[in-house]
Amino acid sequence: MKLTIALALSAFFGASTALAQNAPTPPAAPTAPVETAASAPASDIKVTVEKVGSNPSLLRMEPKAGTSMTLTVTTKMAMATTMGGNPLPAQAIPAMVMTLKQSIESVEADGTANCKIQFTAFDVKESEGDTPGIAAMMRNMMNGLIGISGQYTISNRGISSPVNWTFQPDTAPMIRTQMESMSQSMDQFSLPLPKEAIGEGGQWKIVGNLDTQGIKLEQTRTVTLKSRNQSILDLTIDVSQN
């Protein structure tokens, strides 16, 4: 799978984020949960430079405390089952729409950002062909998401720690499992930058081991820097999973 994107690093941390020419390489340290929490294991991410490119410089983020953004995540699934080796009719499941607020609470001296993510809304979007009655059941089960929050860190190279979720005592096991899966998804969508300087035409490889609900995969992303305009990077990303 190939993705071609123009990545504005300012969009991830808010309008105040920029790229620094000479920034230190920080360690990524997880933030402890406030109450009862569950965290997904971190992928063992390795970043290696394949090509340096022309006019190389260090790529670093400069997060600013107090910035925030709102994310809307829509998930659409279908469920298929078999009985005695014979397939049963597939069940269409309504789309889930989750709204989250992501904010930077503080920034360490080495550029590591201490971040918070919180669920602020949840809804189910019904469509023709959905299994009758399942939308109401999903709303009852997943409304417990609202108010759940998590803490994590992200370095100025874009390397994030696992999310440490804070749950209520009566949070359903299904929701806890959903949060652990989301931690893995967030890890996949992060884009670690290399330690070394990179220029136009440069390329680096990001390899990580994923474990999503018992399915173990190795994901490789090959990132090519096509061009750079201040804090905006024009990238091509090739993704493969084994």
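These numbers were taken from a predicted model, which means no experiment stands behind them.

Once that is clear, we can look at a nonpolar patch on the surface. On the surface, Met137, Met141 and Met174 cluster together into a nonpolar patch covering about 270 Å² of accessible area. Structurally, Met137 is set in helix 2 (residues 134-142). Take Met137: its relative accessible area is 43%, and that puts it in the partly exposed class.

Counting across every chain of the model gives one aromatic pair. Ring centres of Phe119 and Trp165 lie 5.9 Å apart, and the angle between their planes is 40 degrees; on these two criteria the pair is classed as tilted. Separated by 46 residues along the polypeptide, Phe119 in strand 8 (residues 113-125) and Trp165 in strand 10 (residues 164-166) bring together distant segments of the chain. A relative accessible area of 1% places Phe119 in the buried class.

Where a protein is soluble and globular, its nonpolar side chains tend to be buried together. Membership of the largest hydrophobic core comes to 24 residues, with the highest contact counts inside it found for Phe119, Phe122, Leu145, Ile148, Trp165 and Met179. Taken together, the elements giving at least two residues each to this core come down to strand 7 (91-107), strand 8, helix 2, strand 9 (149-154) and helix 3 (173-189). Residue contributions to this core peak at six residues, all from strand 8. Counting 12 residues, the second largest nonpolar core, distinct from the first, contains Leu59, Leu193, Leu233 and Leu235.

What follows concerns helix 2. Inspection of helix 2 places Ile134, Ala135, Met138 and Met142 among the buried residues, and these make up the whole buried set. Down the axis of helix 2, the sector holding all buried residues measures 100 degrees, keeping them to one side.

In this section: the environment of Glu200. Mapping Glu200 onto the fold places it in strand 11 (residues 198-200). The class of Glu200 is partly exposed, set by a relative accessible area of 40%. Placed 24 residues apart in sequence, Glu200 and Thr224 show a C-alpha to C-alpha distance of 8.3 Å. Residues contacting Glu200, with those up to four places away along its chain left out, are Gly53, Ser54, Leu225, Lys226, Ser227 and Arg228.

Glancing now at the pattern of salt bridges. Considering all chains together, one arrives at one salt bridge under this definition. The residue Asp123 makes a salt bridge to Arg139 at a minimum N-O spacing of 3.6 Å. With Asp123 in strand 8 and Arg139 in helix 2, this residue pair connects regions lying 16 residues apart in the sequence. In this structure Asp123 comes out as partly exposed when scored by relative accessible area, which is 38%. Judged by relative accessible area, Arg139 falls into the partly exposed class, the value being 27%.

One non-glycine residue, Asn55, lies in the positive phi region at around 50 degrees. With respect to the helices and strands, Asn55 occurs in strand 3 (residues 54-57). For Asn55, a relative accessible area of 72% gives the class exposed.

Turning next to the pairing of strand 7. If a strand is regular, its side chains alternate between the two faces of the sheet. Across 12 bridges, strand 7 lies against strand 8 in antiparallel orientation. In the strand pairing of strand 8, Ala95 is matched with Lys125. Hairpin connection from strand 7 to strand 8: five residues lie between these consecutive antiparallel strands, with Gly111 at a positive phi of about 95 degrees.

Attention now moves to the environment of Leu100. By secondary structure assignment, the location of Leu100 is in strand 7. For the pair formed by Leu100 and Ala121, sequence separation is 21 residues and the distance between their alpha carbons is 7.2 Å.

To continue, consider the confidence of the model for the protein. Low pLDDT marks regions whose predicted coordinates should not be analysed in detail. The pLDDT averaged across the protein works out to 76; a share of 75% of its residues lies at or above 70. Low confidence marks residues 1-43, where pLDDT is under 50. Its contacts with residues over four positions away, or in another chain, come to 130 contacts.

Criteria and thresholds
- Residues numbered from 1 in each chain as written.
- Predicted model: local features only at pLDDT ≥ 70, side-chain atom pairs only at ≥ 80, totals over all residues.
- Heavy atoms only, no water.
- Patch = residues over 30% accessible without salt bridge, like charges linked within 9 Å, V, L, I, M, F, W, Y side chains within 5 Å.
- Areas by Shrake-Rupley, 256 points an atom, 1.4 Å probe, with all protein chains shown as cover.
- Salt bridge = Lys/Arg side-chain N within 4 Å of Asp/Glu carboxyl O.
- Helix = DSSP H or I, 4+ residues; strand = E, 2+ residues; numbered from the N terminus.
- Buried < 20%, exposed > 50% of the residue type's maximum accessible area, 1.4 Å probe, protein only.
- Phe/Tyr/Trp six-rings, centres within 6.5 Å; stacked < 30°, edge-to-face > 60°.
- Core = buried A, V, L, I, M, F, W, Y, C linked by side-chain atoms within 4.5 Å.
- Arc of directions from axis to C-beta.
- Contact = heavy atoms within 4.5 Å.
- Pairing = 2+ DSSP bridges.
- pLDDT = per-residue confidence, 0-100.

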